[in-house]
Amino acid sequence: MKKMMLLAGMLLLLSACSEDSGPAENTNSVDDSNLENENNAVDHGMEDKSAGFTMDSEGNVLEADVPEEEEEAILAAYDEYIAAFNAEDLDRYMAVIAEEPEGFDRAEDQLALEEAFTAYDTEYVPSNETIVKYTPERAEVFAEIEVAVGAETGAKTEQSGRQVVIFKKEDAEWKVSGLHFIGN
């Protein structure tokens, strides 16, 4: 069960581990955390740590002002990202990933997904997809997401949370460049 939860987290985060394999030093201080690592599950090693979303007083996610044509293209890229993952089609999935993502190592992500697609049956079910930040070269899509992971043994685990998928424009197409996930 622990391995399945770890895999679910890995699949959700799509982040590579830091190349620093040395043990973290715990000084029993309030300053101890995984935030000291260069690439971690909270900020995924991203240089621009401004990804996120804002909610109004009723708890609704605030939408960014996006030109209609760009909104359609961004949401279509998000839909393809989810559909390719659910189809476990690695080539199709890698086609929506940025060549130089800001939040993970592309080659390591591909290797991890090859193994995961072989060992597990995973399904993402997003809802409330909302573009929360937009510039002509970068966009962020918020979604609530349900994740179900099944193993060959028949064991199954489910997790839900909120995610922000970061897209950047490459060759006039929107590509996944990073991801932040907050589990419920």
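Further up the page is the structure itself.
Just so we're clear, the structure is a prediction, and the values are computed from it rather than from any experiment.

Cut-offs and rules
Residues numbered from 1 in each chain as written. Predicted model: local features only at pLDDT ≥ 70, side-chain atom pairs only at ≥ 80, totals over all residues. Heavy atoms only, no water. Helix = DSSP H or I, 4+ residues; strand = E, 2+ residues; numbered from the N terminus. Buried < 20%, exposed > 50% of the residue type's maximum accessible area, 1.4 Å probe, protein only. Contact = heavy atoms within 4.5 Å. Pairing = 2+ DSSP bridges. Axes fitted to C-alpha atoms, helices over the stretch in contact; angles between N-to-C directions. Core = buried A, V, L, I, M, F, W, Y, C linked by side-chain atoms within 4.5 Å. Salt bridge = Lys/Arg side-chain N within 4 Å of Asp/Glu carboxyl O. Expected span 1.5 Å × (residues − 1). Arc of directions from axis to C-beta. Polar contact = N/O pair within 3.5 Å; in protein donor to acceptor, adjacent residues only side chain to side chain.

(A) Molecular detail of the overall build of the protein. Helix and strand counts for the protein stand at four helices and four strands. Its helices and strands in sequence order give the protein the pattern α-α-α-α-β-β-β-β, from N to C terminus. Considering the protein as a whole, with its 184 residues, one finds that 41% of them fall into the buried category. Restricting to contacts in the protein with at least 6 residues of sequence separation, those with at least 24 account for 62%.

(B) Structural detail: unusual backbone geometry. Non-glycine residue N128 carries a positive phi angle of around 55 degrees. Its place among the elements puts N128 in strand β1 (residues 120-135). For N128, a relative accessible area of 37% corresponds to the partly exposed category. We note that D171 has phi near 50 degrees; this positive angle belongs to a residue other than glycine.

(C) Structural context of the sheet that holds β1. The sheet built from four strands is open, its strands ordered β1-β2-β3-β4 with antiparallel pairing. The open sheet is flanked by β1 and β4 (173-183), the only strands paired with a single partner. Going from strand to strand, the sheet's axes swing by 25 degrees on average, the running direction of each strand aside. Relative to β4, strand β3 (residues 156-170) is paired through 10 bridges, and the arrangement is antiparallel.

(D) Inspection of the nonpolar core at higher detail. One finds Y78, Y81, Y93 and F167 to be the most contacted residues of the largest nonpolar core, which totals 31 residues. Mapped by element, the contributors of at least two residues to this core are α2 (68-86), α3 (90-95), α4 (106-119), β1, β2 (138-151), β3 and β4. In terms of residue count, α2 provides more of this core than any other element does, seven residues in total.

(E) View of the pattern of salt bridges. Following the criterion strictly, the structure yields seven salt bridges and no others. Taking the shortest distance from any N to any O, the salt bridge between E80 and R92 comes out at 2.6 Å. In this pair, E80 sits in helix α2 while R92 sits in helix α3, placing the two residues 12 residues apart along the sequence. Of the residues examined, R92 reaches a relative accessible area of 30% and is grouped as partly exposed. A salt bridge links E170 to K168; the shortest N-O distance between them is 3.8 Å.

(F) Structural context of α4. An ideal rise of 1.5 Å per residue puts 20 Å on 14 residues; α4 measures up with 20 Å between its terminal C-alpha atoms. Every buried residue of α4 is accounted for by R106, D109, L113, A116 and F117. Burial along α4 is one-sided: seen end-on, the buried residues are contained in an arc of 95 degrees. Away from its buried face, by an angle of more than 90 degrees, α4 presents the exposed residues L111, E115 and T118. The N-terminus of α4 is capped by D105, whose side-chain oxygen sits 3.1 Å from the backbone nitrogen of A107.

By themselves these figures say nothing about function.
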